Amino acid sequence: MIDHPHRRTAREITALVLTGQRRSTGPDGCPLLPCPTCLDTQATRVERFVAAGLPIRFVLPAFPGKSPNSAKVLGTLPDTAERLALEFLDGLTARVREVYAPGARIVICSDGRVFGDAVGIPDPHITAYQRELHSMIEALPHRGLGLFNLDDVPELAGTDHRGMREILTERYAEPLERLRKRIRAGEEVALYRAVTRFLFEDGNTPDYTGSRAALQRDARARAYVVLQRSKAWGDLLAERFPDAVRLSIHPQPCGAEKLGIHLVDTADNWLTPWHGVALAHGERFVLVKRAEAEALGARLVHVDGRPGYFALPGVVAA
């Protein structure tokens, strides 16, 4: 079998992306690292761009908005946790450019507007989060990132945010009962449980006065809505960016169409910058929940006049 130069380049690019792979740890996870199956799957998509001499386009549904639970995050706006994630992604496009001159562009498809009402993030908070995220992206050195959200869909222009979600659901969403049946039959159970856990944690704020059982029931019900809308958003993106290489902030099974990636170092395979804080730990940052950082005695460091990250005792502020 002839190893075509386009194929070699595509595999080299894919190997760069795989260095940050967020993989499933279940029975469907990758048996080897780096994973040859995932490499082959993703390189096939990458090769189409290489063969055409075009910049590789990645899409990443992510960065919805900060968790509403102050025990997990610093506030409602992006902070050092998001900055680190964006710098990693921007740096990844620079590394791709070193092996493939046309380079790559990662389109961050901010999904907060899609399910904000189901996760307890008000639309004004989402708007402010996206505005700050855009400013952060504009300041990056390699200019490798773009931002796309529900507000940017031309067909939804002039529609209020509630109407946008309704139209998205009508046009793209799987019926909730069908989704429930699939999950009860064992499909995507890990993702459902992870979303339920996040929703339970987000709702278990210091001022919550209900029972844990009631909050758990509510989290389970809302998890189906979040998954339904997330899938609808994914289908819209597949229609909008049909040839793009699809990334995910969730762990993915071995050989899946989407490739899960870590944005910031963390011991939690599901934790993301918008559900945690950056903790300066030695010479690097790790992602933890705010309460964990405080329990370690870490001090809060302000950046540009706002809470930015935590630093362990003895660690010099970065």
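Cut-offs used in this document
Residues numbered from 1 in each chain as written. Predicted model: local features only at pLDDT ≥ 70, side-chain atom pairs only at ≥ 80, totals over all residues. Heavy atoms only, no water. Pairing = 2+ DSSP bridges. Helix = DSSP H or I, 4+ residues; strand = E, 2+ residues; numbered from the N terminus. Axes fitted to C-alpha atoms, helices over the stretch in contact; angles between N-to-C directions. Contact = heavy atoms within 4.5 Å. Salt bridge = Lys/Arg side-chain N within 4 Å of Asp/Glu carboxyl O. Buried < 20%, exposed > 50% of the residue type's maximum accessible area, 1.4 Å probe, protein only. Core = buried A, V, L, I, M, F, W, Y, C linked by side-chain atoms within 4.5 Å.

## Notes on the sheet that holds strand E8 (residues 299-303)
A sheet is described by the order of its strands in space; here 4 strands give the open sequence E7-E6-E9-E8, paired in mixed fashion. The strands lining the two open edges of the sheet, one partner per strand, are strand E7 (284-288) and E8. Going from strand to strand, the sheet's axes swing by 40° on average, the running direction of each strand aside. Two strands pair when backbone bridges link them, and E8 and strand E9 (residues 306-311) are joined in this way by 5 bridges, in the antiparallel orientation. Note on E9: the bridge partner recorded for Val303 is Arg306. On the sheet, helix H3 (residues 80-99) packs against strand E6 (277-281), E7, E8 and E9 and is oriented at approximately 80° with respect to E6.

## So, the pattern of salt bridges
Summed over the entire model, instances satisfying the criterion amount to 31 salt bridges. The closest approach of N and O atoms between Glu132 and Arg306, which form a salt bridge, is 3.5 Å. One end of the pair, Glu132, is in helix H5 (residues 123-138); the other, Arg306, is in strand E9, and 174 residues separate them in sequence. Owing to a relative accessible area of 32%, Arg306 belongs among the partly exposed residues under this scheme. Where Glu188 meets Arg182, a salt bridge forms, and the shortest distance between an N and an O atom there is 3.2 Å. Residue classification places Arg182 among the buried positions, given a relative accessible area of 18%. Connected through salt bridges with shared partners, the residues Lys72, Arg197, Glu201, Asp202, Asp268 and Lys289 form a single ionic network.

## A few points about the nonpolar core
The biggest cluster of nonpolar side chains holds 50 residues, and the ones touching the most others in it are Ile56, Leu60, Phe63, Leu86, Leu89 and Leu263. No other element matches the 7 residues that H3 contributes to this core.

## Side note on the environment of Leu263
By secondary structure assignment, the location of Leu263 is in the loop between strand E5 (259-260) and E6. A relative accessible area of 5% means that Leu263 is categorised as buried. Taking C-alpha positions, Leu263 is 22 Å from Ile121, a pair spaced 142 residues apart along the chain. Once you skip the residues sitting within four places of it in the chain, Leu263 turns out to touch Arg22, Leu60, Phe63, Leu84, Ala85, Phe88, Leu89, Ile249, Pro273 and Trp274.

## Structural notes on unusual backbone geometry
Despite not being glycine, Arg143 shows a phi value in the positive range, around 55°. Residue placement: Arg143 occurs in the loop between H5 and strand E3 (145-149). Relative accessible area serves as the criterion here: at 47%, Arg143 is assigned to the partly exposed category. Here the phi dihedral of Asp304 falls at roughly 55°; this positive angle occurs in a residue that is not glycine. Along the polypeptide, Asp304 turns up in the loop between E8 and E9. Looking at Asp304, the relative accessible area reads 78%, which means it is exposed.

## Points about the sheet that holds E5
A sheet is described by the order of its strands in space; here 5 strands give the open sequence E3-E2-E1-E4-E5, paired in parallel fashion. Of all the strands in the sheet, just E3 and E5 have a single pairing partner and so form its edges. Alignment of strand E1 (residues 56-62) against strand E4 (residues 245-248), held across 2 bridges, turns out to be parallel. Each residue of the ladder has a partner; that of Phe58, found in E4, is Val245.

## Notes on the environment of Val303
For Val303, the location among the structural elements is in strand E8. Take Val303: its relative accessible area is 34%, and that puts it in the partly exposed class. For the pair formed by Val303 and Thr80, sequence separation is 223 residues and the distance between their alpha carbons is 8.1 Å.

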